[in-house]
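# Architecture at a glance
These are the residues of each chain, in order.
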Amino acid sequence: MTDTALSVSRSSVERRKVLADDATARLERMFEIRGFEERLNALFATGAIHGTTHLAMGQEALAVSLAAELRPTDLVTATYRGHAMALALGMSPRAVLAEIMGKSEGSTGGLGGSMHVSDDDIGLLPTFAIVGAGLPVAAGAALAFQYKGDDSVAVAVFGDGATNIGAFHESLNLAAIWKLPVVFLCDNNVYGEYSRINLTTPIEDLHLRAASYAMPAEVVDGMDVTATRAALARAIGRARTGGGPTLVEAKTYRFAGHSRADTAPYRPAGELEYWQERDPVKRAREELVAGGASADELARLESSVGAALDEVIEVVQALPDPVVTDMFNNIWTPTTRKADS
Amino acid sequence: MRFRQAIVAALEDEMEADPSVMVMGEDIAVAGGPFKTSEGLLDKFGPNRVRDTPISEMAFTGAGVGAAIAGLRPVIEIMFMEFLGVALDQLVTGAAKMHYLSKGQLSVPLTVRASVGSGTGFGSQHSQTLENWVTATPGLTVVTMSTPQNAYGILRAAIQSPGPTMVLEPRNLYAVRGEVQRGAAGLVELGKAEVVRQGTAVTIVTMGQLRTSVLEAVEASGIDAEIIDLITLAPWDRTTVLDSVAKTHRLVVVEEAPESGGWGSEIVAAVTRELFSSLSAAPFRITTPNVPVPYSRALESRYLPQPDEIARQLTQYQSTGTVPAPWWVLEGLSK
Ligand SMILES: Cc1ncc(C[n+]2csc(CCOP(=O)(O)OP(=O)(O)O)c2C)c(N)n1
Ligand SMILES: [Mg+2]
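Everything numeric in this text was worked out from a predicted model, so none of it was measured.

### Observations concerning the site of ligand 1
Taken together, 21 residues are adjacent to ligand 1, and Y80, R81, A129 and G161 of chain A together with E57 of chain B come closest. One finds residues of chains A and B in close proximity to ligand 1. Contacts to ligand 1 include A129 of chain A, whose backbone N or O atom sits 2.9 Å from a nitrogen atom. E57 of chain B has a polar side-chain atom sitting 2.5 Å from a nitrogen atom of ligand 1.

Below is the structure:
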């Protein structure tokens, strides 16, 4: 394999850095995320992986935009629908896939699985499988940053459905009264599991919920990298400079079903097609071509990313499983030996 | 029928029998439930009685408490037991205290169902059994199930109960098939254990998905064990268990939970206190190690006591009268 951004030899921090100033690198990462999720879907279908998975096809622009705006020293809490975020923030496809396949090389040694990828180097906490659970934790990390006089920022990424759970409201309120350096990033992909937002929530414009916490809000087309970056830059900048929290609502769409078994029969006719027109990968590509990039070169980039991913899959499938003693690892007790620091 | 269909059948029969029974939960109506445990109910009973909720466990569990006090018999579905964490107050501190705090005036005929347990590859935040979240609460009945028949019977009994009942459903069993007798004859009495196999050599107390593993282990080892499936975990059936141990003089509890703090400790403590002088060996528990449920398929299958491990421990216990070490001690992996 050539030393592309996919290579394990690139650290997650380096993989993050390339996104800030290079639109082609951002598109390449979006190809990677899309290709990763598509291949994962196929792998699950063959039974090569057990358990469940939650794909984020359609939500690539948001992940890449956030990664482009954040520093690796900032902290992110994300969800079980976390592969796109993990790849965008810098984790290698190999590390993410190894975790999903329960291999010992995975980010938690195969003990966590698809819902719990993480990378301490880039501030990605093990992703949260309980809806809403990441919001108070992000607020708490922001409290620590504020306390220490550090200009880092915490970001909680969560879905539209999570805005109906107590943790959302409690966290926004707490962050607002303490002016915490946190960004609440709602990935409004229209669905919570099998239910369209209108069936569970009286409003579809979730940024409006910020008003009751006197919190600034942004609403943005989450399928558009440029617009999403701009909104996130304002929110992150506000947090970094003592301006307190912001609720950012990114309008996206979940192209896949909720989880592996779900074919999304409940979608209204035409809805998927409407959003596919706005496909973030397609749009980012068109934007680059409009700016003078060669369409052929981008197509070549896309297929080389795909080929690299195929190679990663082969490599990861051959990796060893954890051994039985590994299930006893990293369970904190008061007598656990302190890690060297 | 399948286990999950037995649950649908219980809900259906209770809804037929009592118009105040209604069900609420995430994606339980239109989609028929994430595990298809309410399939067809919406069509049959309509949206007033079969309700999809937002992702708001605290609100709909608490609403279940209020609705129960005000005359309904709500059945709440908590998709994975872990999600009860955000609603526990409403059940443990709320529902379970109402009768007590009203001088017995109020009753809370609420049923909270949750899927529990390991074996399905959902990882450490979606595979716990967590009985001990709910078993230390006087006033709350806690039940579980192990066959399509007792799933049907105990769920109906829970819904009929005038008090709050927590129903723990082993998720790994939802696809299992078995005969189910519907109607009054299929009911299971709350608080009554099921003697699965009669025997004289040792009493084995278990429940949930481990019942099958215990049966397998007993058959493989040829030990004349009496197997008791608790079904109701709180308050558990002391009479059946104590009578059995009085006869066998030995007790083993096989449970799906980390060794520390598991429900089996309660059984061992009670048996020790009541029957100490008649015991021919120390009672003990076969449990999971003190670890979160690991995701990797290779490890998850090892986490749960397997039939061969149960058989090994039983055989040693029976032949030596000493308490065997669990596999992780034998292999030097943990204490
Ligand atoms: C407290 C809690 N309740 C229910 C669930 C089950 N669940 C997992 S994902 C999900 C839908 C979440 O929807 P949303 O917040 O919009 O995020 P999305 O999945 O669309 O990314 C639900 C209900 C859970 N994990 N935690
Ligand atoms: Mg959503």
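### Points about the domain arrangement of chain B
All names here are of chain B. Here chain B is partitioned into domain 1 (3–186) and domain 2 (194–328). Relative placement of domain 1 and domain 2: their C-alpha centres are 27 Å apart. Taken together, the contact between domain 1 and domain 2 spans 25 residues of the former and 21 residues of the latter. Across the interface of domain 1 and domain 2, roughly 1800 Å² is buried in total on both sides, 57% from carbon and sulfur atoms. Looking at the side of domain 1 facing domain 2, the largest losses of area belong to S118, E131 and T144, adding up to 26% of the total buried there.

### Here's the deal with a nonpolar patch on the surface
Side chains of L143, L174, I177 and W178 of chain A sit close together on the surface and give an oily, nonpolar patch of about 370 Å² of accessible area. For the nonpolar patch, the element with the highest residue contribution is helix 7 (residues 166–178) of chain A, accounting for three residues.

### Considerations on the interface of chain B and chain A
Taken together, the contact pairs 38 residues of chain B with 38 residues of chain A. Area buried by chain B at its contact with chain A is led by I55, Y295 and L299 of chain B, which between them contribute 25% of it. Inspection of the region where chain B meets chain A yields zero salt bridges. Among the elements of the structure, helix 9 (297–303) and helix 11 (327–330) of chain B are those that each provide at least two residues to the side of chain B that touches chain A. By residue number, the principal contributor to the side of chain B that touches chain A is helix 9 of chain B, which donates six residues. Partitioned by chemical class, the residues of the side of chain B that touches chain A number 20 nonpolar, 11 polar and seven charged.

Reading the values: the criteria
- Residues numbered from 1 in each chain as written.
- Chains lettered and ligands numbered in written order.
- Predicted model: local features only at pLDDT ≥ 70, side-chain atom pairs only at ≥ 80, totals over all residues.
- Heavy atoms only, no water.
- Near = heavy atom within 4 Å.
- Polar contact = N/O pair within 3.5 Å; in protein donor to acceptor, adjacent residues only side chain to side chain.
- Domains from an automatic or database assignment.
- Contact = heavy atoms within 4.5 Å.
- Buried area = accessible area lost by both parts, 1.4 Å probe.
- Patch = residues over 30% accessible without salt bridge, like charges linked within 9 Å, V, L, I, M, F, W, Y side chains within 5 Å.
- Areas by Shrake-Rupley, 256 points an atom, 1.4 Å probe, with all protein chains shown as cover.
- Salt bridge = Lys/Arg side-chain N within 4 Å of Asp/Glu carboxyl O.
- Helix = DSSP H or I, 4+ residues; strand = E, 2+ residues; numbered from the N terminus.
- Nonpolar A, V, L, I, M, F, W, Y, C, P; charged D, E, K, R; others polar.

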